Amino acid sequence: MQTFLSELLIAGKNVITKKYHEEETCPLCLQSKKLEELKQEIEARLKLIEESSYKKSSFDNARQTVINFSTDRIRRLDTLLSERLLSGESNKNIKDAVESIKSKIGEYQKAGKIKVTSGDNLIECNTLKLTEDDFKIISEIDNRILAIDKSFEEDNSTIIYSNITSSKDAFLQIKNIEKAQEKLEKQKSSLQIIYDEFIKKQKEELENFILSFSSPINEFYQFMNPGELIHEIKIVIIGEEDELNGLTIEYDFNGNLTTAPQKYFSESHLNCFGLAFFLASVKAFNNKNQFIILDDVISSFDTTHRERFANLLFEKFADYQIILLTHEHEWFQYVRQIAKKKSWLINEIRWSNEKGTYLDQEPKELKEQIIYKLNNGIVDNLGNSIRKYLEHLLKEICYNLEVKVGFRYNEVNEKRMSDELLNELKSKISKHSNDLKDKTEIIDRVANSAILGNLSSHDNPFNLSLGDLKAFWADVKELEKLFYCGNTECERPITFNKYDDVNKKIRCSCGNLNYHWRR
């Protein structure tokens, strides 16, 4: 029973050793006690417990041996008692003797299960002891075996009966096996029919799917490579009859069927085929979610293939969400122009120390957009925006100053170009304002600018720089100041009021007077 106290004594020793309890008292009962003496007493008791634990371990091993031995013997005796012949009256003595031995071994089994720490007393050894009387039945069994052997020597009818019985049992068993075999043969035949039909249907469905899958592959490839020698690209099955060994690619090259893409496909054509296969897979397997992610897939494409691939995406996958990643700036600009024509929303992802990753939000007002692009170094479409702003500005100025331009029919009159308006405005100034006449060099700078000629929108080697666009915008703003309010504190929308007859000057809505003007 000392082993139950080991954990308590070990815990007490740790409390004293680690100085969790520093008073000269017992940490459990708090009675006066020197801690060093208490520690020594605990160590002595733990040593005794260690010896007891060793004895308990030896006892437990012996006890387990008894349990294993008795359990094995009882199992064997149960097997013997289950023998049908022991139930007969002639074998009652044998059965009773076996049950008696089993009962005594059962007592060993019960004794072995008593734990030493349970407090229960073990059964007295005298009550467990097996004696020679328990095995007297063996003599009777030996005598009966001798008698049976002797009867076999004198009369072989028993052997004949045994052989006949065995033959009968074997015959009946064979008949049962034949019946089972017949059923299995019928099942096998039925399953073979089902299997053959399944394979046939599987092949048909696979061929239908491959045919429908091949059609978009060929369509997408021809879209990117029109007028070339490669036609009728399709996926075909490898294997004879019902065998399916794999799939391969078949195509018509200049009238000849072949199955080796590397033989005639260039790297660019192989990439076209790979993308056609991928996009066909999207149509086949991703027609519900409807999104595509393409990461830098045109690196080995020439310019023509890049443009055709972009057109393919917009024409064949207009109802898909497309995430298109690329390092090619020129191709990005091309795709961007197509997206604008398709009325797609265009935005750019930017990064800064202050905001981290963010969507670049351009202002809605045209003037604010121009200033935003100039400040952020965005050249794309900036020239067109400045020209549009200048044209609107010139129309407003010419309207307020009653500038005369050539007659045009109906809506054609609204399509006046900036150079035409600048020339007529300059002519009007020379006739009606001495003050503004000295300022016409700014009109000439705007009129003679290469950007005004819209070179950036045509096929020519002229490339606008950010500096060119900033200079042109500065000229436009200087031109604007000639005709609009010079009051820097004016917060009203920019307006251009009619001529002030009293003061002989142009007046803003804020009351500020501008250059002298005579009619």
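Note that the coordinates shown come from a computational prediction; the quantities given were computed from them, not determined experimentally.

Draft legend 1. Quick look at the sheet that holds strand E2 (residues 246-253). The sheet built from three strands is open, its strands ordered E1-E2-E3 with antiparallel pairing. A strand with exactly one partner marks an edge of an open sheet, and here the two such strands are strand E1 (230-238) and strand E3 (256-258). Going from strand to strand, the sheet's axes swing by 25 degrees on average, the running direction of each strand aside. Sheet topology note: the E1/E2 ladder contains seven bridges and is antiparallel.

Draft legend 2. Highlighting unusual backbone geometry. Even without a glycine there, the phi angle at Gln290 is positive, about 55 degrees. By the element assignment, Gln290 lies in the loop between helix H8 (267-285) and strand E4 (291-295). One non-glycine residue, Asp296, lies in positive phi territory at about 55 degrees. Here Asp296 is to be found in the loop between E4 and helix H9 (303-316).

Draft legend 3. Representation of the confidence of the model for the chain. Summarising the model, the chain shows a mean pLDDT of 79, and 86% of its residues fall at 70 or more. Taken as a whole, residues 455-462 scores under 50 in pLDDT and shows eight contacts with residues more than four places along the chain or in a different chain. Segment residues 491-499: pLDDT under 50, and 25 contacts once partners within four positions in sequence are set aside and those in other chains are kept.

Draft legend 4. Helix H13 (residues 418-432), seen in detail. Between its first and last C-alpha, H13 extends 21 Å over 15 residues, near the 21 Å set by a 1.5 Å rise per residue. Within the sequence span of H13, burial applies to Ser418, Leu421, Leu422, Leu425, Lys428, Ile429 and His432. Taken around the axis of H13, the buried residues stretch over an arc of 130 degrees, which confines them to a single face.

Draft legend 5. Region of the structure containing the nonpolar core. With 36 residues, the main nonpolar core has Ile217, Tyr221, Ile233, Leu279, Ile292, Phe309 and Phe317 as its most contacted residues. Broken down by secondary-structure element, the contributors of at least two residues to this core are helix H6 (157-224), E1, E2, H8, E4, H9 and helix H10 (329-341). Top element by residues in this core is H8. It accounts for seven residues. Look past the residues within four positions of Phe309 in its chain and what remains in contact with it is Met224, Leu275, Leu279, Leu294, Val297, Ile298, Phe301 and Trp331. Counting 30 residues, the second largest nonpolar core, distinct from the first, contains Leu390, Cys398, Leu421 and Phe483.

Draft legend 6. The packing of helix H11 (residues 366-376) against helix H16 (residues 466-483), seen in detail. Closest axis-to-axis distance for the H11/H16 pair is 11 Å, and the angle between their directions is 145 degrees. The crossing of H11 and H16 is left-handed. Of the residues in H16, those touching H11 at Lys367, Ile370, Ile371 and Leu374 are Leu466, Leu469, Lys470, Trp473 and Lys477. Looking at side-chain class alone, the contact of H11 with H16 contains six nonpolar, no polar and three charged residues.

Draft legend 7. Representation of the packing of aromatic side chains in the model. Across all of its chains, the model carries 10 aromatic pairs by this definition. Ring geometry for Phe317 and Tyr320: centres 5.3 Å apart, planes at 75 degrees, overall edge-to-face. Following the ring pairs from residue to residue traces out a cluster consisting of Phe209, Phe213, Phe273, Phe277 and Phe285. The aromatic ring of Phe317 is capped on one face by Lys283, whose charged end is 4.6 Å from the ring centroid.

Draft legend 8. Summary view of a nonpolar patch on the surface. Together, Phe291, Ile293, Ile323 and Leu325 make up a nonpolar patch on the protein surface, roughly 350 Å² of accessible area in all. Looking at the nonpolar patch, the elements that each hand over two or more residues are E4 and strand E5 (321-325). Structurally, Ile323 can be placed in strand E5. On the accessibility criterion, Ile323 (39% relative accessible area) is partly exposed.

Thresholds, definitions, all that
Residues numbered from 1 in each chain as written. Predicted model: local features only at pLDDT ≥ 70, side-chain atom pairs only at ≥ 80, totals over all residues. Heavy atoms only, no water. Pairing = 2+ DSSP bridges. Helix = DSSP H or I, 4+ residues; strand = E, 2+ residues; numbered from the N terminus. Axes fitted to C-alpha atoms, helices over the stretch in contact; angles between N-to-C directions. pLDDT = per-residue confidence, 0-100. Contact = heavy atoms within 4.5 Å. Expected span 1.5 Å × (residues − 1). Buried < 20%, exposed > 50% of the residue type's maximum accessible area, 1.4 Å probe, protein only. Arc of directions from axis to C-beta. Core = buried A, V, L, I, M, F, W, Y, C linked by side-chain atoms within 4.5 Å. Left-handed = near helix turned anticlockwise from the far one by under 90°. Nonpolar A, V, L, I, M, F, W, Y, C, P; charged D, E, K, R; others polar. Phe/Tyr/Trp six-rings, centres within 6.5 Å; stacked < 30°, edge-to-face > 60°. Lys NZ or Arg CZ within 6 Å of the ring centre and 35° of its normal. Patch = residues over 30% accessible without salt bridge, like charges linked within 9 Å, V, L, I, M, F, W, Y side chains within 5 Å. Areas by Shrake-Rupley, 256 points an atom, 1.4 Å probe, with all protein chains shown as cover. Salt bridge = Lys/Arg side-chain N within 4 Å of Asp/Glu carboxyl O.

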